[in-house]
Amino acid sequence: MAEAYNPQNIFAKILRGEIPCKKVHETAHSLAFHDINPLSPVHVLVIPRGAYVGFDDFSAKASAEEIADYVKAIGDTARKLGVDASGYRLLSNCGADANQEVPHLHVHIFGGRPLGRMLKKDTD
Ligand code: AMP
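The structure contained in this document is the topic of the report that follows. These figures come from a predicted structure and were not determined experimentally.

1. What to know about the pattern of salt bridges
In total, this model carries six salt bridges according to the counting rule given. Residue K23 is joined to E26 by a salt bridge in which the shortest nitrogen-to-oxygen separation is 3.4 Å. Take E26: its relative accessible area is 43%, and that puts it in the partly exposed class. For D76, the salt bridge identified is with R79, shortest N-O distance 2.7 Å. Highlighted residues: D76 and R79, both in helix 3 (residues 64-81), separated by three residues, approximately one helical turn. The class of D76 is buried, set by a relative accessible area of 16%.

2. Describing the pairing of strand 2 (residues 30-34)
Within strand 2, four of the five residues are buried, leaving the element largely enclosed by the surrounding structure. Judged from the three bridges that link them, strand 1 (residues 23-26) and strand 2 form a sheet pairing that is antiparallel. Residue H25 lies in a different strand from strand 2, and its bridge partner there is A32. The hairpin turn running from strand 1 into strand 2, its antiparallel successor, is three residues long.

3. A look at the nonpolar core
The biggest cluster of nonpolar side chains holds 16 residues, and the ones touching the most others in it are V46, F58, Y70 and I74. Take this core: its biggest share by element is four residues, from helix 3. Each residue touching Y70, except ones within four places of it in the same chain, is listed here: S30, V46, I47, P48, F55, F58, L105, H106 and V107. L31, F33, L45 and V102 belong to the second largest nonpolar core, which has seven residues in total.

4. Overview of the environment of S40
Assignment of secondary structure puts S40 in the loop between strand 2 and strand 3 (42-48). Here S40 falls in the buried class, since its relative accessible area comes to 7%. With residues up to four places along the chain from it excluded, the contact list for S40 reads F110, G111, R113 and L115. Polar side-chain contacts of S40 include one of 2.6 Å to the backbone oxygen of V42.

Reading guide: rules and limits
Residues numbered from 1 in each chain as written. Predicted model: local features only at pLDDT ≥ 70, side-chain atom pairs only at ≥ 80, totals over all residues. Heavy atoms only, no water. Salt bridge = Lys/Arg side-chain N within 4 Å of Asp/Glu carboxyl O. Buried < 20%, exposed > 50% of the residue type's maximum accessible area, 1.4 Å probe, protein only. Helix = DSSP H or I, 4+ residues; strand = E, 2+ residues; numbered from the N terminus. Pairing = 2+ DSSP bridges. Core = buried A, V, L, I, M, F, W, Y, C linked by side-chain atoms within 4.5 Å. Contact = heavy atoms within 4.5 Å. Polar contact = N/O pair within 3.5 Å; in protein donor to acceptor, adjacent residues only side chain to side chain.

Below you can see the structure in the form of structure tokens.
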């Protein structure tokens, strides 16, 4: 089970307008903005406006409207960024084993260069 939502997390502060972000796309239920520490030429985060820690929390508690809005916002953002032609990667870290740093659901959109294989094997 996901940890309780902490309204002091940095993305909650962005949503409340307490700290700035470089906005890419926004909808009724979702917001996309540039990652502050980009790991690829295109590195954008898409978050739901609602208070959800991770994907399992979101799928358990969000409305069908929020879920549809969020999925659409992720694809629309990828197109807006122009990475749909060359390709891109979606990644969402959820919980301790995934090293989730910010406990508000976010999907990373990486693109703008070849991204290599998705994950190292344990034996690498
Ligand atoms: P994760 O490890 O998946 O939780 O990643 C959190 C991401 O949030 C990292 O890529 C950070 O660079 C990014 N991040 C942290 N603070 C900010 C911020 N104020 N604005 C934009 N991105 C941020």
